Amino acid sequence: MKKAVTIQDISCFGKCSLTVALPIISAMGIETAVIPTAVLSTHTGGFTGYTFRDLTDDIPEIANHWKNLNLKFNAVYTGYLGSAEQINIVSEFFDDFRTEENVIIVDPVLGDNGKFYAGFGEDFAEKMSSLCSKADYILPNMTEASFMLKIPYTETYERNYAENILRRLAGLGCKIPVLTGVHFDNREQGAMAYDSVNDRFYCSFGENIERSVHGTGDIFASVFTGAVTLGKDIQKSLDIAVNYTVECIKATMPYFEEMWYGSCFELCIGKLIEMTK
């Protein structure tokens, strides 16, 4: 049975990070271990008054225990990391748990819509770029790519621009950068990938739904991680991740007023299992 570990925060209520990654990757038939980097009462997207407990000091202790148990993973996947210290710890985790057979996947969570998330800035983006250099796959959106490459953010671009961004992301040191939230018009949105070893581009697009749903980036990253862990090729992994994300957004629309804090991804788990076969 394939095994993956995901390192990111957990919100006790809300749909993002570990509350998305754990059920999705598990549903794909992969044993999923977790290292929570923080515990929040709710996620920060629209909620106020939430509690927050930093678990930075616990991560090395968990890693050391796992090393003593000689645990091995087919994939290591990181999401939201809350500090430069956590990035340093995760970088060491990569060194300790990397093997010739496994893959390392980094979702470099920094911001969206041209802005940093609260508490992040240029120094943090530079640290994240360093972490990305150790990854086999990285999954930035255009905002995060712009921050890591230190270039202006743009919302309007064509395919050759996206391809250039992907080549430059590969220059950070990762093998296969994946650019998420790619769109060349208002009809479709999806993702593009660049295999720097074979100098080949891949893309997958689905219907562009004009509604912002919290946590869809985590859904895409989790499904892509699961597909890669199962040995799917780049194109198939992109297709599964894009199509499932679109299905989750569509399933959420009838419940949007009630479910403003996340997607109804649970309603689509059956479709994900079918896609994975």
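Just above sits the structure.
All of the points below concern the structure found in this document. Computed from a predicted structure; not experimentally measured.

## Concerning the overall build of the protein chain
A count of helical and extended segments in the protein chain gives 9 helices and 11 strands. Against the compact-globule benchmark of 19 Å for 277 residues, the protein chain has a radius of gyration of 17 Å, which places it among compact chains. Seen through its C-alpha atoms, the protein chain measures out along the principal axes to roughly 50 × 45 × 40 Å. The buried share of the protein chain, taken over its 277 residues, is 52%. Residue pairs in contact within the protein chain that sit at least 24 positions apart in sequence constitute 67% of those at least 6 positions apart. When the accessible area of the protein chain is evaluated, it comes to approximately 12,600 Å², of which 48% is carbon and sulfur surface. Both charge centroids of the protein chain, one from 23 positive and one from 36 negative side chains, sit 5 Å from each other.

## Description of the pairing of strand 1 (residues 3-13)
Note that strand 1 and strand 2 (residues 31-42) share 9 bridges and pair parallel. Within the sheet, the bridge partner assigned to Ala-4 lies in strand 2 and is Thr-32. One crossover worth recording links strand 1 to the parallel strand 2 by way of helix 1 (residues 18-27), and it is right-handed. Strand direction decides the pairing type here: strand 1 and strand 4 (residues 75-78), joined by 4 bridges, are parallel. By the bridge assignment, Val-5 is partnered in strand 4 with Val-76.

## Some points on the nonpolar core
Counting 45 residues, the largest nonpolar core has Val-5, Phe-93, Val-106, Met-128, Leu-169 and Leu-179 as the members making the most contacts within it. Top element by residues in this core is helix 3 (residues 84-97). It accounts for 6 residues. Aside from chain neighbours lying at most four places away, what touches Leu-169 is Ile-138, Pro-140, Ala-145, Met-148, Leu-149, Cys-174, Pro-177 and Leu-179.

## Observations regarding the pairing of strand 4
Alternating positions in strand 4 separate into two faces, Ala-75 and Tyr-77 on one and Val-76 and Thr-78 on the other, with burial throughout. Pairing geometry for strand 4 and strand 5 (residues 103-106), over 4 bridges, is parallel. Note on strand 5: the bridge partner recorded for Val-76 is Ile-104. In the classification by handedness, the crossover that spans strand 4, the intervening helix 3 and the parallel strand 5 is right-handed.

## Some words on the sheet that holds strand 10 (residues 188-195)
Ordered in space as 3-2-1-4-5-8-9-10-11, the 9 strands form an open sheet in which the pairing is mixed. What marks the edges here is a single partner per strand, and that holds for strand 3 (52-54) and strand 11 (200-207). Across 2 bridges, strand 8 (residues 137-138) lies against strand 9 (residues 176-182) in parallel orientation. Looking across to strand 9, one finds that Tyr-137 is bridged to Ile-176. Each of strand 1, strand 2, strand 3, strand 4 and strand 5 touches helix 3; the most contacted strand, strand 4, lies at about 170° to it. Against the sheet, helix 8 (residues 234-252) makes contact with strand 9, strand 10 and strand 11, and its axis sits at roughly 20° relative to strand 11, the strand it touches most.

## Some details on a negative patch on the surface
A grouping of Asp-54, Asp-57, Asp-58, Glu-61 and Glu-85 is seen on the molecular surface, where their side chains present a negatively charged patch. Its location among the elements puts Asp-58 in helix 2 (residues 58-68). Of the residues examined, Asp-58 reaches a relative accessible area of 35% and is grouped as partly exposed.

## Comments concerning the pattern of salt bridges
A complete count under the given rule lists 14 salt bridges for this structure. Between Lys-67 and Asp-96 there is a salt bridge, with its nearest N and O atoms 3.3 Å apart. Here Lys-67 is found in helix 2, whereas its partner Asp-96 is found in helix 3, with 29 residues between them in sequence. For Lys-67, a relative accessible area of 37% corresponds to the partly exposed category. Residue class for Asp-96 comes out partly exposed when judged on its relative accessible area of 41%. In this structure, the salt-bridge partner of Glu-247 is Lys-271, at a minimum N-O distance of 2.8 Å. Here Glu-247 is found in helix 8, whereas its partner Lys-271 is found in helix 9 (residues 269-276), with 24 residues between them in sequence. The partly exposed category is assigned to Glu-247, whose relative accessible area is 22%.

The rules behind each value
- Residues numbered from 1 in each chain as written.
- Predicted model: local features only at pLDDT ≥ 70, side-chain atom pairs only at ≥ 80, totals over all residues.
- Heavy atoms only, no water.
- Helix = DSSP H or I, 4+ residues; strand = E, 2+ residues; numbered from the N terminus.
- Rg over C-alpha atoms; globule rule 2.2 N^0.38 Å.
- Buried < 20%, exposed > 50% of the residue type's maximum accessible area, 1.4 Å probe, protein only.
- Contact = heavy atoms within 4.5 Å.
- Areas by Shrake-Rupley, 256 points an atom, 1.4 Å probe, with all protein chains shown as cover.
- Lys, Arg positive; Asp, Glu negative; His and termini not counted.
- Charge placed at Lys NZ, Arg CZ, Asp CG, Glu CD.
- Pairing = 2+ DSSP bridges.
- Right-handed = clockwise from strand over helix to strand, strands pointing away.
- Core = buried A, V, L, I, M, F, W, Y, C linked by side-chain atoms within 4.5 Å.
- Axes fitted to C-alpha atoms, helices over the stretch in contact; angles between N-to-C directions.
- Patch = residues over 30% accessible without salt bridge, like charges linked within 9 Å, V, L, I, M, F, W, Y side chains within 5 Å.
- Salt bridge = Lys/Arg side-chain N within 4 Å of Asp/Glu carboxyl O.

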